[in-house]
Amino acid sequence: MTDKIAEKHIRSICELGRKFSDATVFMHEAIAQRVGLTGTDHKYLSLLLQNGAMTAGHLSKLTGLTTGAITGLVDRLERKNLVKREFNEDDRRKVIIVPNYNTATKLFGNTYSKLQNKFVNILSKLTENERQVIEKYLLSTID
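Now for a description of the structure that goes with this document. Keep in mind that what you see is a predicted model, and the values were worked out from it rather than measured. (Residues numbered from 1 in each chain as written. Predicted model: local features only at pLDDT ≥ 70, side-chain atom pairs only at ≥ 80, totals over all residues. Heavy atoms only, no water.)

### Side note on the overall build of the protein
Applicable threshold: For the purposes of this entry, the term helix denotes a DSSP run of H or I that reaches at least four residues, the term strand denotes a run of E that reaches at least two, and both are numbered from the N terminus. In this setup the radius of gyration rests on C-alpha atoms only. A globule is expected at 2.2 Å times the number of residues raised to 0.38. Partly exposed residues are those whose accessible area sits between 20% and 50% of the maximum for their type, while under 20% is buried and over 50% is exposed, using a 1.4 Å probe and protein chains only. Two residues qualify as a contact provided that any one of their heavy atoms is within 4.5 Å of a heavy atom in the partner residue. Per-residue and other accessible areas were derived by the Shrake-Rupley procedure at a 1.4 Å probe size, with only the shown protein chains allowed to occlude residues.
The secondary structure content of the protein amounts to 6 helices and 3 strands. Listed N to C, the secondary structure of the protein is α-α-β-α-α-β-β-α-α in terms of helices and strands. Computed over the C-alpha atoms, the radius of gyration of the protein is 19 Å, more than 25% above the 15 Å expected from 2.2 N^0.38 for a compact globule of 143 residues. Taken over 143 residues, the protein has a buried fraction of 22%. Restricting to contacts in the protein with at least 6 residues of sequence separation, those with at least 24 account for 43%. Accessible surface, the protein as shown: approximately 10,600 Å² in total, 56% of it carbon and sulfur.

### A few points about the packing of helix H2 (residues 39-51) against helix H4 (residues 67-79)
For the record, the criterion: Here an angle of 0 to 180 degrees is reported between the N-to-C directions of two axes, which are lines fitted to C-alpha atoms, with helices fitted over the stretch in contact. Any angle from 65 to 115 degrees is called roughly perpendicular, while one under 35 is roughly parallel, one over 145 is roughly antiparallel, and all others are oblique. Polarity classes work like this: nonpolar for Ala, Val, Leu, Ile, Met, Phe, Trp, Tyr, Cys and Pro, charged for Asp, Glu, Lys and Arg, and polar for all others, with Gly in that last group.
In the contact formed by H2 and H4, the axes pass within 11 Å of each other and the chain directions differ by 85 degrees. Considering the angle they form, H2 stands roughly perpendicular to H4. Along the contact surface, H2 presents Asp41, Tyr44, Leu45 and Leu48, while H4 presents Leu73, Arg76 and Leu77. Its residues assigned to classes, the contact of H2 with H4 comprises 5 nonpolar, no polar and 2 charged.

### Quick look at H2
Condition: A helix is expected to span 1.5 Å multiplied by its residue count minus one.
Compared with an ideal rise of 1.5 Å per residue, which puts 13 residues at 18 Å, H2 spans 19 Å between its outermost C-alpha atoms and is within 8% of the ideal. Turning to H2, its buried residues number three or more, namely Gly39, Asp41, His42, Tyr44, Leu45, Ser46 and Leu48. In the segment just after H2, Gly52 is the residue with positive phi, at about 80 degrees.

### What about the sheet that holds strand S1 (residues 54-55)?
Formally: When DSSP locates at least two bridges between a pair of strands, those strands are taken to pair.
Strand order in the open sheet formed by 3 strands is S1-S3-S2, with antiparallel pairing between adjacent strands. Edge positions in the sheet fall to S1 and strand S2 (83-87), since each of these pairs with one other strand and no more. Both S1 and strand S3 (residues 95-99) contribute to a ladder of 2 bridges, which runs antiparallel. In the strand pairing of S3, Thr55 is matched with Ile96. Contacting S2 and S3, H4 runs over the sheet at an angle of about 120 degrees to S2.

### A few points about the environment of Phe26
Along the chain, Phe26 falls in helix H1 (residues 3-34). For Phe26, a relative accessible area of 58% gives the class exposed.

### Comments concerning the pattern of salt bridges
Here is the rule we go by: Between Lys or Arg on one side and Asp or Glu on the other, a salt bridge is scored when a side-chain nitrogen of the former is within 4 Å of a carboxyl oxygen of the latter.
Tallying each qualifying case throughout the model produces 8 salt bridges. Put simply, Glu7 and Arg11 hold a salt bridge, and the shortest N to O gap is 2.9 Å. Of this pair, Glu7 and Arg11 both sit in helix H1, 4 residues apart, which is roughly one turn of that helix. The closest approach of N and O atoms between Arg18 and Glu15, which form a salt bridge, is 2.6 Å.

### Digging into a nonpolar patch on the surface
As a reminder, the rule being used: Patches draw on residues past 30% relative accessible area with no salt bridge. Two like charges within 9 Å are joined, as are two nonpolar side chains (Val, Leu, Ile, Met, Phe, Trp, Tyr) within 5 Å.
A cluster of nonpolar side chains, Phe119, Ile122, Leu123, Ile134, Tyr137, Leu138, Leu139 and Ile142, forms an exposed patch at the surface whose accessible area comes to about 780 Å². Elements with a contribution of two residues or more to the nonpolar patch: helix H5 (101-124) and helix H6 (128-142). With 5 residues, the top contributor of residues to the nonpolar patch is H6. Among the structural elements, Ile142 can be located in helix H6. The exposure class assigned to Ile142 is exposed, which follows from its relative accessible area of 67%.

Next up, the structure:
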């Protein structure tokens with residue numbers, strides 16, 4: 001492949017990446033709105049569900065949010081019974097944010113299972129090599 005063709009191909013892939021990123025944000029915003037959340041709150045809830053219970057300070061470090069913003073986030077998620085606050089027995093100043101997996105599963109389960117089925121269907125049509133390339137790309141971009 002000549003340098004000019006390779007450059008054009010790379011630009012095309014970058015443009016597709018931008019469109020994919022936009023579509024992902026819009027998808028998560030639509031999912032969140034169905035259950036009365038913002039897209040941002042939905043993604044922060046996702047962090048809690050993936051990582052489990054953590055202190056408000058740890059969540060602040062993970063998200064880059066201020067502790068005041070974390071308080072507002074937890075308030076909103078707590079009103080929907082998606083998380084609860086627990087106080088550390090050794091240091092009552094530390095608040096542990098505990099995700100409610102049952103409530104989250106009830107809210108998002110059907111939507112996510114449909115999406116997962118679609119993704120599995122798409123991926124199952126690819127060769128093992130193609131899946132490895134996608135995995136490598138995703139891992140590289142996450143890093």
